[in-house]
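Coordinates in review
Listed below, chain by chain, are the residues.
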Amino acid sequence: MTTSIRHHTRSRPGPGSEVISTICGICPAGCGVDVHLQDGKITRITPLRDTAHPQAYTCARGQAAPEIVYSPDRLLYPQQRVAGSLQRITWDRAYDTIVTRLRHIAAEFGPEAVAIYTGRGNFEFGLNEAFSPAGTVESSANAVLFPFGSPNATGVGSLCYAAYGMIAPRACFGDYMRNLDEDLERADLILVWGANPSTDSPPDNLRRLLQARRRGARIVVVDHRRSETARATRGEWIPIRPGTDGALALAMIHVLIAEHLYDEPFVRHWVHGFDDLRAYVAAFTPERAATITGVPADRIRTLARAIATAGGCSILTYTGLEYSNSGVQALRAVWTLQALAGHLDAPGGKLFRMSERLLLPRILTEPPAGSPPPIGSAEYPLYYEVRREAHAALLPRAILEGEPYPIRALIIGGASLLTAWPDPERWRRALAALDFLVVVNRFPTADAAYAHLLLPAATLFETESYMIYDGHLQWRRPVIPPQGEARSDYLIFAELARRLGYGHRWPQSEEELVRAALAGSGIDLETLRAHPAGIPFPVPPMQYHKYRSGLLRPDGRPGFNTPTGKFEITSEWFRAHGHEPLPVYTEPVEGPLAAPTLAARYPLVLNTGARTHFDFRSQHHNIPSLLARHPWPLVTVHPADAAPRGIADGDEVDVISPRGRVRFRARVSPDIAPGVVEANMGGGGPLGPPPWQEGNVNALTDLDNRDPISGFPVYKALLCELVKA
C-alpha cells in the first residue's frame, strides 16, 4: 500500500510550552487538534493547521478542554460504598470485589443475571472496535461479559442510531449507514430533514452544507424548529408537527406517482413492492397530509416536484425521525422517496461507499453458547439481528420483575441511565434493587448515587488509541498522563477480562491494541507516531449505480443485498418478523389526532432532545465557561402559544405532561412551529446549578411508548401544557 505522507512538526513557543498534534479528547468524534501545553498541562486546543485532516475542528466543548480535564469534579480514584458512603480503595480491591460479586451472582442466578450498559462516554473508536459483539457491522455495546456467560451487553444503541443507521437502511438497501453517504458536493437540492448538523459532533456536514450553499445549492430544512443549521445556511424552513414525517414523505411519493415523476426504469428493474406502495399512497394526498403534518398542500407538491426534477437530491436525516411511533417506517418512507426520484447511488444523491476502501480489523466476540436469549431480543428481534445485544428498554422489567429472568448486577460505562431514559423514577427503583452496581465514568452521574463501586475513567486526552476516516488514519496520542489513578476505559475492561480468567482475548495494553488494529494495513504504529496529524491513504474512485454492476452484493450479482435482490419498498425481512412490510404511517399515539381527549388537557406537542452547542446530553453542566452560555434548561415556545398563557421570554415555566412536571426557562421565539414546544434534555445529574440538577425532562416522557420495530422511546411526539411558574 502506498501513501502520501505530509510531515507535521510544531515548534515550541517558549520555555515549558509544547504543542502536540492528536485527536480531541472531549468527545469521540475524532476531530484533529493541536493541544497546547504549558509545563505539562493543557492550556487550550486549536484545530490542526496545514494538514489534509478531514475533521480539523474545535467546538465550544472542545475549547473548554482545560476546564473539563482539570475539573475538581473529576473522579480520580476507585471508590466503594461502605455503610452508605463512598470510600477510596485500591484498584486491586475494586477488581477483587467485582470478580467475587459477579461470580457469586452467577452461581445463584446464572451468568445471564449480570449485564453491562455502555453509553456515549464509551464511544472511543478503538474501544468499540475491540469489544464489539460478533455478527455486527458496528456496535457500541461491550462484549466483555460474553466469555463470562452473559449475553446481556447493551447500551445507548437501544435508544439512538440503530433505527436510522442499521434497521431502516438494511430493510431498504440491504446495507448500513456506515457504508453510505450523501453526495452533498454534487447535489443541487439538499433536504435537512429531522437533523441538525450544526450541533453534530463533528459538525462536518454543516461545513459541507455551507460549501454547497456558496456554489448555489438549494437547502430545505424540514423540522419543527428553525434550527441552528437552518439559520446558518439561510435555508428554507418547512415547519412540521413532530412525529408526522412519514405522512409528508408518503404524500410526496403520491405526487411523484400521480404526476409520473418517478424514475420508471429504476422502478421496473430494481424495485420490489412498487404496486403495493402505489395502492397505499393513493389516499395520502397533499391535502390529507396537510391536515396531519401542518405543511400546506401546495408546498408539499412544490417540494415533491423539486425533488423529482433535481439534478441531484441529498437528504440528511437522523434522530428527528427515529423518536416517534413510526420512526423506522418514516425513515424508510423518506429513503423510498429519494430512490423513486432517481437519487440512489447517483451523482448528488445517496451513495454507497466503495467496498474496497481500507477497513481495519475488529476484535469480535461471540455471544455465549447455550445461554438464554438476551433481554429484549424476543420483543425487538430486528434490533437484535443487527446489534447482537440486549435491548435496554426491558432492563427495568428484568430487574424489578425478574422477566424473562432476573438481572441482579449491572456495570454502567460512560452513561447516565437516569438522565437518558424515560421515567427516571422507574430506573431509580431498578438501580436501587440491584445486588451489585458498578459505575465507570469521568464524572459523577445520577446513577452513581446507587453504585456499590465507582471507577475513574481517563479522558481521551489521557488515552492511546487510533481513528480511521475515509482516506485518513490517525494515532490518538495521549498528551498528558491519566489524572489521579484514572485508567482508560479500554484498560479497565481489558483488566476485567484478565481478572475473570480470559484476558488473552484482548490486548492488555493500549499500544498492543493499536498494533493489532493496524495489522495488515500497510501502516505501522511507528509511522503513525512519526506523523501525528495522520496519514492519508488512497480511496477508490466512486462508481455510481453499483447495483447494476454487482458491487453491492457479496455474490457479485447485480442488485441489492436484500432478500429479493432489489430495493425493497415492501420489506420481506420485516414481513418475516411479523412487521408491516410497507413504510406505513402511524399517527403518534399521544398526539392531538389520536388522543383528542388527552390533547384537550395537554394541547401542546412536546419535543425533547435537540442538541445544543454547550453541553452534550447530561455532560458539562458543571463547566463554568459552558454553563455561562447555557445556564438553565430551556423550553422553546412560539409567541402565539406563549401570549395566551401570559409567558414572556425568560420566565420560569413548568412543562406538564400526563406523567410529570418539570421547571424550565421559557425561550419565546418564532423559530418553532406553533403548537409545539422543544425542551432541553440532559438535566437531572448531580453536577451544576439546581435548575439543571432538577430539570430532568425525562420525568415527562414515557418508557412504555416505543417504536414497535426499534424499541426506541418516543421522545419527540408527546403532549404537554406550559404554565407560568
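The structure we're discussing is the one just above.
The paragraphs below set out a description of the structure included in this document. (Residues numbered from 1 in each chain as written. Predicted model: local features only at pLDDT ≥ 70, side-chain atom pairs only at ≥ 80, totals over all residues. Heavy atoms only, no water.)

1. Some thoughts on the environment of Ser488
In this structure, Ser488 sits in the loop between strand 21 (472–476) and helix 19 (489–499). For the pair formed by Ser488 and Glu462, sequence separation is 26 residues and the distance between their alpha carbons is 7.3 Å. With near-sequence residues (within four places) excluded, Ser488 lies in contact with Ala458, Thr463 and Glu510. Within the local environment of Ser488, its side chain forms a polar contact with the side chain of Glu510, the two groups lying 2.9 Å apart. (Helix = DSSP H or I, 4+ residues; strand = E, 2+ residues; numbered from the N terminus. Contact = heavy atoms within 4.5 Å. Polar contact = N/O pair within 3.5 Å; in protein donor to acceptor, adjacent residues only side chain to side chain.)

2. As for unusual backbone geometry
Residues apart from glycine generally show negative phi values, whereas peptide bonds are mostly found in trans. Here Ser201 and Pro202 are connected by a cis peptide whose omega angle stands at 0°. Relative to the assigned elements, Pro202 resides in the loop between strand 10 (189–193) and helix 6 (204–214). Residue Pro404 follows Glu403 across a cis peptide bond; omega there is -5°. Within the secondary structure, Pro404 is located in the loop between helix 16 (395–401) and strand 17 (409–413). For His260, which is not glycine, the phi torsion reads 55° and is therefore positive. Considering the arrangement of structural elements, one finds His260 in the loop between helix 8 (245–258) and helix 9 (264–270). Residue His260 is classed as exposed on the basis of its relative accessible area of 62%. (Buried < 20%, exposed > 50% of the residue type's maximum accessible area, 1.4 Å probe, protein only.)

3. Digging into helix 14 (residues 327–340)
In an α-helix, one turn spans 3.6 residues; hence positions three or four apart end up facing the same way. Spanning 14 residues, helix 14 covers 20 Å between terminal C-alpha atoms, matching the ideal 20 Å at 1.5 Å per step. The buried count for helix 14 comes to 14 of 14 residues, which makes it a mostly enclosed element. Downstream of helix 14 by a residue or two, Gly342 has a phi angle that is positive, lying close to 95°. (Expected span 1.5 Å × (residues − 1).)

4. Brief notes about the packing of helix 11 (residues 286–293) against helix 12 (residues 297–309)
Viewed as axis vectors pointing N to C, helix 11 and helix 12 meet at an angle of 115°, and their least axial separation amounts to 8 Å. With respect to helix 12, the axis of helix 11 lies roughly perpendicular. Here helix 11 and helix 12 pass one another in a crossing that is right-handed. Listed contacts from helix 12 to Pro286, Glu287, Ala289 and Ala290 of helix 11 are Ala297, Ile300 and Arg301. (Axes fitted to C-alpha atoms, helices over the stretch in contact; angles between N-to-C directions. Parallel < 35°, antiparallel > 145°, perpendicular 65-115°, else oblique. Left-handed = near helix turned anticlockwise from the far one by under 90°.)

5. Examining the pattern of salt bridges
Summed over the entire model, instances satisfying the criterion amount to 49 salt bridges. Of the charged contacts, one joins Arg426 and Asp423 as a salt bridge, the two residues approaching to 3.0 Å between their closest N and O atoms. Arg426 sits in the buried class, given a relative accessible area of 18%. A relative accessible area of 23% places Asp423 in the partly exposed class. Here Asp654 ties to Arg663 by a salt bridge, and the two come within 2.4 Å at their closest N and O atoms. Given the relative accessible area of 6%, Asp654 is considered buried. Accessibility expressed as a relative area gives 40% for Arg663, which makes it partly exposed. (Salt bridge = Lys/Arg side-chain N within 4 Å of Asp/Glu carboxyl O.)

6. Regarding the packing of helix 8 against helix 12
Remark: helix 8 packs on helix 12, axes separated minimally by 9 Å, with the N-to-C direction vectors making an angle of 65°. Considering the angle they form, helix 8 stands roughly perpendicular to helix 12. By crossing handedness, the relation of helix 8 to helix 12 is classed as right-handed. On the side of helix 8, the interface is formed by Leu248, Ala251, Met252, Val255 and Leu256, while helix 12 contributes Ile300, Arg301, Leu303, Ala304, Arg305, Ile307 and Ala308. Classifying every residue of the contact of helix 8 with helix 12 gives ten nonpolar, no polar and two charged. (Nonpolar A, V, L, I, M, F, W, Y, C, P; charged D, E, K, R; others polar.)

7. Examining the sheet that holds strand 28 (residues 676–679)
Backbone hydrogen bonds hold the strands of a sheet together, and the pairing may be parallel or antiparallel. The six strands lie next to each other as 24-28-25-27-26-29, forming a closed barrel whose pairing is mixed. With strand direction ignored, the average angle separating the axes of adjacent strands in the sheet is 45°. (Pairing = 2+ DSSP bridges.)

8. Side note on the nonpolar core
Within the largest apolar cluster, 129 residues are counted, with the highest numbers of intra-cluster contacts made by Tyr117, Trp193, Trp421 and Phe567. Filtering out sequence-adjacent residues up to four positions away, Trp193 remains in contact with Val222, Asp245, Leu248, Ala249, Met252, Ile315, Leu316, Thr317, Tyr318, Leu321, Val334 and Leu337. Of all hydrophobic cores here, the second largest spans 40 residues; its members include Tyr95, Ile411, Leu453 and Leu513. (Core = buried A, V, L, I, M, F, W, Y, C linked by side-chain atoms within 4.5 Å.)

9. Examining the packing of aromatic side chains
Pairs of aromatic rings are described using the distance from one ring centre to the other and the angle between the two planes. Going through the model one piece at a time under the given rule, you end up with 27 aromatic pairs. Between Phe266 and Phe560 the ring centres are 6.5 Å apart and the planes differ by 85°, which places this aromatic pair in the edge-to-face class. Here Phe266 is found in helix 9, whereas its partner Phe560 is found in the loop between strand 22 (535–536) and strand 23 (567–568), with 294 residues between them in sequence. Of the two residues examined, Phe266 and Phe560, each falls in the buried class. Aromatic side chains Tyr323 and Phe712 sit 6.1 Å apart centroid to centroid with 40° between the ring planes, which places their arrangement in the tilted category. Of the two residues, Tyr323 is situated in the loop between helix 13 (319–322) and helix 14 and Phe712 in the loop between helix 26 (690–694) and strand 29 (718–724); the sequence distance between them amounts to 389 residues. No difference in accessibility class separates Tyr323 from Phe712, as the two residues are buried. Taken together, the aromatic side chains of Tyr161, Tyr164, Phe173, Phe266, Trp270, Tyr318, Trp335, Phe352, Tyr547, Phe560 and Phe567 make up a single cluster linked through ring pairs. Note that Arg288 overlies the ring of Phe284, its terminal NZ or CZ placed 4.3 Å from the centroid. Its guanidinium or amino end placed over the ring of Phe574, Arg332 lies 4.8 Å from that ring's centre, counting from NZ or CZ. (Phe/Tyr/Trp six-rings, centres within 6.5 Å; stacked < 30°, edge-to-face > 60°. Lys NZ or Arg CZ within 6 Å of the ring centre and 35° of its normal.)

10. Section: the environment of Ser201
Here Ser201 shows up in the loop between strand 10 and helix 6. For Ser201, a relative accessible area of 16% puts it in the buried group. Residues Ser201 and Arg305, spaced 104 residues apart in sequence, show a C-alpha to C-alpha distance of 33 Å. Not counting the four nearest positions on each side in its chain, Ser201 is found in contact with Cys27, Ala29, Arg61, Arg120, Arg611 and Phe616.

11. Structural notes on the pairing of strand 17
Burial analysis of strand 17 places five of its five residues in the buried class, the great majority of the element. Covered by surrounding structure in strand 17 are Ala409, Ile411 and Gly413 together with Leu410 and Ile412, the residues of both alternating faces. As judged from the five bridges shared by strand 6 (residues 114–118) and strand 17, these two strands associate in the parallel manner. Paired with Val114 across the two strands is Ala409, which belongs to strand 17. Bridging between strand 17 and strand 18 (residues 436–441) involves five bridges; their strand directions are parallel.

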